[in-house]
Amino acid sequence: MEVKDTARLTFELMNRADAKLMHQLDQDPEVMRYLNGGKPSSMATIMDVFLPRVEAYTNAVKGWGLWKVTIKASNEYIGWVLVRPMEFFSDKPEFNNLEMGWRFKQSSWGKGYASEAAIAVRDALIENKTTIAENNFTHISATAVKQNLGSIGVMKKLGMTFKKEYLCQAPHGEVDSVYYQLKNKRYKR
């Protein structure tokens, strides 16, 4: 699958060669605030935990993985957009329900980059010839900590609607979280 460039951004699937970029992004406590209470990731965690998890679900044909987001004009890496089946690492992965997530440098916040990138990835998923032919996903979903208004704003700009509030187990304890979802308009069954 290909994600088309937007007016300001370019996209490509990330891999092990991007480990330093992933590590750099995770060094800002504000970026990590709603993920683990603000603790930066070590390079060992990126290499030994994060990358193997990403590699487990990456599928270039279906568009699953981490989509690196770069500002076109400056070639500056600003973050990524995740795509994988919901509950991928559970005993009941939801292959018909794709999860989207995002992580962006604080310097890019408030400029519409996360929404622009997430919309481009969403559109590519919905228009992907492979997934259209297989007609195999019904929804795109996202979750966030209830206080993470920035991410909730991106979900709303994606056209997602609120489905539920729940307690999520995070590295720093249970947190109030929200679940948003969008129906795949191309799903025909």
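Overview of the structure. (Residues numbered from 1 in each chain as written. Predicted model: local features only at pLDDT ≥ 70, side-chain atom pairs only at ≥ 80, totals over all residues. Heavy atoms only, no water.)

Glancing now at the overall build of the chain. Of regular secondary structure, the chain possesses six helices and seven strands. If you list the helices and strands of the chain from N to C, you get β-α-α-α-β-β-β-α-α-β-α-β-β. Over its C-alpha atoms the chain spans a radius of gyration of 16 Å, differing by no more than 12% from the 16 Å that the globule rule assigns to 189 residues. Taken across its 189 residues, the chain has 48% of its residues classed as buried. The contacts of the chain with a sequence gap of at least 6 include a subset with a gap of at least 24, amounting to 62%. (Helix = DSSP H or I, 4+ residues; strand = E, 2+ residues; numbered from the N terminus. Rg over C-alpha atoms; globule rule 2.2 N^0.38 Å. Buried < 20%, exposed > 50% of the residue type's maximum accessible area, 1.4 Å probe, protein only. Contact = heavy atoms within 4.5 Å.)

For helix 4 (residues 113-127), which comprises 15 residues, the first-to-last C-alpha distance of 21 Å matches the rise-based estimate of 21 Å (1.5 Å per residue) to within 8%. Counting buried positions along helix 4 gives twelve out of 15 residues, so the element sits mostly inside the fold. Those residues of helix 4 not exposed but buried are Tyr 113, Ala 114, Ser 115, Glu 116, Ala 117, Ala 118, Ala 120, Val 121, Arg 122, Ala 124, Leu 125 and Ile 126. (Expected span 1.5 Å × (residues − 1).)

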